[in-house]
Amino acid sequence: MMKCGFLLILLLGSFRAFALTVPELIESIKAHHPQILSAQAKREQAELAQLKAQGEFDLRFDQNTHFRTSGFYHGKHLSQSITKPLHFANAELKGEYRFSDGNFPIYEDEYNTRTGGEASIGVKLSLLKNHDIDKRRILLANANAIHTQGLSEEQQKRQKLIYQGIDAYLNWYESHAQMKVLSNLVSLAQTRQNGIEKRVNSGDLAPMSLHEFETTLISRQIALSQAQQSLNEAELMLGYYWRTSKAVSHKETLPQSPPTDIEWPFSQAFEQIHFTSHWVEQHPLIRALNADIAIAKNQSRLAKNDYLPKLDMELKVARDAGSGSASLAGTESYIGFNFSVPLERRKAKAEKAKAKAKIEELRYKKQALFEQLSLDIETHIQQLNNLKDLNQLVHSQSRLAQKLASQEQIRFNEGDSDQFLLNSRELAASQAELAAIHSDLKLKRQELKLLLITGQIEQRL
């Protein structure tokens, strides 16, 4: 039992031995997160919609059998047919074989065949309504657009989840960095407290000096405790995105601290950055809207088709085999027309107008979305450039504060300064260091936000 427990400790220790980087987190999200797997399954449904639409043109086999089981007349009739719908002109190609035996009443004379049965081949097609388009072909065209929508929705969800996961990672990284700075500040204060206690005990300093310094130490410990709380929350959030399987999140497998190099994958993406309309055209939201417009145009074509009068033509050639009635001998050919038109076409007119209005609605919606995305991108590019300049200033301030704190420490050691001024310098230096850390991560978050807005997170990996 003890041996198993020791192995478990070693196993958990090995889990925490690795250094989690940003690319590793991204791969974990893409491979295992349930939201990603759900989006993939939804996209697969859209792909199957294409197969379903293609099935409308599948080859079909039919058989009809009739037996007269009682009465004056007695006879049986069998017919078998194979029908193939065609993409052209709403056409159907049909081959049929019929066979009958026995006596039929005059009103069922069409069942009669010669002893070898009758074989026929024919075609039906539309000349006006349904000639250029029909519901089956519209379903097929819409299935392609729906597939595009599925891909766009999956990409959008995947990029949003990757963005949220990386943002949680940066919070976790910043919390660790804050803990490190504040821990050093507390350790420094505790070391100095020991020196002050010795001086108070020897009579070099008044007891009040120790009490005043304890106030400084407590304030630093409070800040460290608050940082620890933030770290705990950041670990919980990161654990939601970090996965090692398709089961559940694995917060317990997170490393104890982030690596020195988090392998930020987007640095090269912003060396030379400027707005391009290609980003907007390729954005998942725009591509999904283009698919909506394609579906609306298809509905408009269908509405125009429904406005047309119906004129269908059927051609058929048949021949009986074997012996039997002379009237059934030889080759027979048929041609038929079916015409109909509603005298009032208010429904068709309404559908045409509705389809046209829908296209206009989506076009204006696309224009508004295009302009909004363009504005957002340009705004975030400007913010990114401003943050780069600000980041340099913050780092300069941090370096200067560190230098002042070091010089104040030298003066304090030489007796030319007091602990209150030294504490003030140390606090200013630590705050400046924290500000520099925050500025670095804010810059990374801005890069990440810009990639999310442009829909380019995965393309820039």
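These notes cover the structure that comes with them. (Residues numbered from 1 in each chain as written. Predicted model: local features only at pLDDT ≥ 70, side-chain atom pairs only at ≥ 80, totals over all residues. Heavy atoms only, no water.)

Helices and strands together make up the secondary structure of the protein, namely nine helices and six strands. Across the 461 residues that make up the protein, the buried fraction comes to 37%. Nonlocal contacts in the protein, meaning residues at least 24 apart in sequence, comprise 76% of its contacts between residues at least 6 apart. Element-wise, carbon and sulfur atoms account for 55% of the exposed surface of the protein, whose accessible area totals about 26800 Å². Each charge sign in the protein was given a centre, from 57 positive and 54 negative side chains, and these centres are 6 Å apart. (Helix = DSSP H or I, 4+ residues; strand = E, 2+ residues; numbered from the N terminus. Buried < 20%, exposed > 50% of the residue type's maximum accessible area, 1.4 Å probe, protein only. Contact = heavy atoms within 4.5 Å. Areas by Shrake-Rupley, 256 points an atom, 1.4 Å probe, with all protein chains shown as cover. Lys, Arg positive; Asp, Glu negative; His and termini not counted. Charge placed at Lys NZ, Arg CZ, Asp CG, Glu CD.)

Turning our eyes to something else, we now look at a nonpolar patch on the surface. A grouping of Leu127, Leu128, Leu308, Leu315, Ile335, Phe337, Phe339 and Val341 is seen on the molecular surface, where their side chains present a nonpolar patch of about 700 Å² in accessible area. Inspection of the secondary structure puts isoleucine 335 in strand β6 (residues 331–340). Under the relative-accessibility criterion, isoleucine 335 is labelled exposed at 56%. (Patch = residues over 30% accessible without salt bridge, like charges linked within 9 Å, V, L, I, M, F, W, Y side chains within 5 Å. Salt bridge = Lys/Arg side-chain N within 4 Å of Asp/Glu carboxyl O.)

For the rest of this paragraph, the subject is the nonpolar core. Formed by 41 residues in total, the largest nonpolar core has its most connected members in Leu25, Ile166, Tyr169, Trp264 and Phe266. Within the residue set of this core, elements represented by two or more residues are α2 (22–32), α4 (135–202), α5 (207–241) and α9 (419–454). A total of 16 residues in this core trace back to one element, the largest contributor, which is α4. If we ignore the near neighbours within four places in the chain, the residues touching tryptophan 264 are Val22, Ile166, Leu170, Lys444, Glu447 and Leu448. (Core = buried A, V, L, I, M, F, W, Y, C linked by side-chain atoms within 4.5 Å.)

Our focus in this paragraph is the pattern of salt bridges. Per the stated rule, a full pass over the model turns up 21 salt bridges. The salt bridge partner of arginine 136 is glutamate 92, with a shortest N-O separation of 4.0 Å. Of the two residues, arginine 136 is situated in helix α4 and glutamate 92 in strand β3 (residues 92–102); the sequence distance between them amounts to 44 residues. Relative accessible area serves as the criterion here: at 14%, arginine 136 is assigned to the buried category. The residue arginine 158 makes a salt bridge to glutamate 154 at a minimum N-O spacing of 3.3 Å. Linking arginine 158 with glutamate 154, this pair stays in helix α4, spanning four residues, or about one helical turn.

Now for the packing of aromatic side chains. Overall, the coordinates contain five aromatic pairs when judged by the stated rule. Consider the rings of phenylalanine 104 and tyrosine 111, whose centres lie 5.7 Å apart with planes at 70°: the pair is edge-to-face. For phenylalanine 104, a relative accessible area of 13% translates into the label buried. With centroids separated by 5.2 Å and ring planes inclined at 85°, the aromatic side chains of tryptophan 264 and phenylalanine 266 adopt a geometry described as edge-to-face. By relative accessible area, which is 0% here, phenylalanine 266 ends up buried. Here the guanidinium or amino end of arginine 243 rests over the ring plane of tyrosine 240, the centre of that ring lying 5.4 Å away. (Phe/Tyr/Trp six-rings, centres within 6.5 Å; stacked < 30°, edge-to-face > 60°. Lys NZ or Arg CZ within 6 Å of the ring centre and 35° of its normal.)

A surface patch of like charges, here positive, comprises Lys304, Lys349, Lys352 and Lys356. A total of three residues in the positive patch trace back to one element, the largest contributor, which is helix α8 (residues 346–413). Tracing the chain through its elements places lysine 349 in helix α8.

Here the focus is the environment of lysine 358. Among the structural elements, lysine 358 can be located in helix α8. Among the residues examined, lysine 358 registers a relative accessible area of 38% and is labelled partly exposed. Between the alpha carbons of lysine 358 and isoleucine 335 there is a distance of 41 Å; along the sequence they are 23 residues apart.

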